[in-house]
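# Structure assessment
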Amino acid sequence: MINFKSVDENAIPQLMAIEMACHSHPWALSTMSSCIGGRYFNLAAFAGDTMVGFYIGEKAGPDFTLMDICVSPSEQGKGIAKQLLTKFIEYGEQQNAENLFLEVRESNRRAIKLYERAGFTEMSVRKNYYPSDEPAKNGFEDAILMGMALGLNFQ
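Owing to the predicted nature of the structure, the values given are computational and were not obtained by experimental measurement. (Residues numbered from 1 in each chain as written. Predicted model: local features only at pLDDT ≥ 70, side-chain atom pairs only at ≥ 80, totals over all residues. Heavy atoms only, no water.)

### Let's talk about the packing of aromatic side chains
Inspection of the entire model under this criterion finds 7 aromatic pairs. Pairing Phe41 with Phe64 gives two aromatic rings, centres 5.0 Å apart and planes at 50 degrees, and the pair type is tilted. Taken together, the residues Phe41 in strand E2 (residues 40–47) and Phe64 in strand E4 (residues 63–71) connect sequence positions 23 residues apart. Accessibility classification places Phe41 together with Phe64 in one group, the buried group. Through successive ring pairs, a cluster of aromatic residues spans Phe41, Tyr55, Phe64, Phe88 and Tyr91. Over the ring of Phe46 we find Lys5, and its NZ or CZ is 5.0 Å from the ring centre. (Phe/Tyr/Trp six-rings, centres within 6.5 Å; stacked < 30°, edge-to-face > 60°. Helix = DSSP H or I, 4+ residues; strand = E, 2+ residues; numbered from the N terminus. Buried < 20%, exposed > 50% of the residue type's maximum accessible area, 1.4 Å probe, protein only. Lys NZ or Arg CZ within 6 Å of the ring centre and 35° of its normal.)

Listed below in structure tokens is the structure:
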């Protein structure tokens, strides 16, 4: 059974452990620390007392951005990312956000499919946005900017 709760700066070591395990170019500790509190919000997934995933979102005016979402490699494929993404969308709806945004590496087809199934659509491409170790990419990889409009309530 997975439980969810928001975390504070005391959870940064757990967040960083998952971040480091998930990304070829993880956030720096300073970046993670700066994204706890203020205009940022988060939700962590726990199996018992063990954190197994998280998301970090940012509120900018009426729009929310999914800044980071990670699930421990040993827990991937169990639907935890889908649950976290669903909770991000639900939070946006509860807080009357107008739009939700995210960026994803163009090579992360698994994540793109998850976002599309949730209702996000491709809006644009940010050229050479992410660092890449892949020789064919010349050190950078494009980001796909995806978005979802909420609460349009057309009559």
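After presenting the structure, the write-up continues.
### Topic: a positive patch on the surface
A surface patch of positive charge is lined by Lys82, Arg109, Lys113 and Arg117. Per-element tally for the positive patch: the top contributor is helix H4 (residues 109–118), with 3 residues. By secondary structure assignment, the location of Lys113 is in helix H4. (Patch = residues over 30% accessible without salt bridge, like charges linked within 9 Å, V, L, I, M, F, W, Y side chains within 5 Å. Areas by Shrake-Rupley, 256 points an atom, 1.4 Å probe, with all protein chains shown as cover. Salt bridge = Lys/Arg side-chain N within 4 Å of Asp/Glu carboxyl O. Lys, Arg positive; Asp, Glu negative; His and termini not counted. Charge placed at Lys NZ, Arg CZ, Asp CG, Glu CD.)

### Quick notes on the pattern of salt bridges
In a structure, side chains of opposite charge can pair up when their charged atoms sit close to one another. Tallied over the entire structure, the rule returns 5 salt bridges. Where Glu58 meets Arg39, a salt bridge forms, and the shortest distance between an N and an O atom there is 2.4 Å. Here Arg39 lies in the loop between helix H2 (29–34) and E2 and Glu58 lies in strand E3 (residues 50–60), a separation of 19 residues in the sequence. Assessed through its relative accessible area of 14%, Glu58 is described here as buried. Note on Arg39: relative accessible area 49%, which makes it partly exposed. Ionic pairing is found between Lys127 and Asp142, a salt bridge with its closest N-O pair at 3.3 Å.

### Considering the pairing of E4
Regular strands show a simple pattern: their side chains alternate between the two faces of the sheet. Burial within E4 is extensive, with 8 of its 9 residues counted as buried. Linking two consecutive strands that pair antiparallel, namely E3 and E4, is a turn of 2 residues; a positive phi of about 60 degrees is found at Gly61 within it. Where E4 and strand E5 (residues 99–105) come together, 4 bridges link them in parallel fashion. Pairing of Thr65 across the sheet is with Phe101, part of E5. In this view, the connection linking E4 to its parallel neighbour E5 by way of helix H3 (residues 80–94) has right-handed handedness. (Pairing = 2+ DSSP bridges. Right-handed = clockwise from strand over helix to strand, strands pointing away.)

### Remarks on H4
Within H4 the residues assigned to the buried category are Ala111, Ile112, Leu114 and Tyr115. For H4, the angular spread of the buried residues around the axis is 160 degrees, confining them to a single face. Of the exposed residues in H4, those oriented more than 90 degrees away from the buried face are Arg110 and Arg117. Residues of H4 that are buried make contact with E4, H3, E5 and strand E7 (140–149). Directly after H4, the chain includes Gly119, whose backbone phi takes a positive value near 115 degrees. (Arc of directions from axis to C-beta. Contact = heavy atoms within 4.5 Å.)

### Brief notes about helix H1 (residues 12–22)
Within H1, the full set of buried residues consists of Ile12, Leu15, Met16, Ile18 and Glu19. End-on view of H1: buried residues confined to an arc of 165 degrees, all on one side of the axis. In H1, the exposed positions that point more than 90 degrees away from the buried face belong to Pro13 and Met20. Of the surrounding elements, those touching the buried residues of H1 are H2, E3 and E4.

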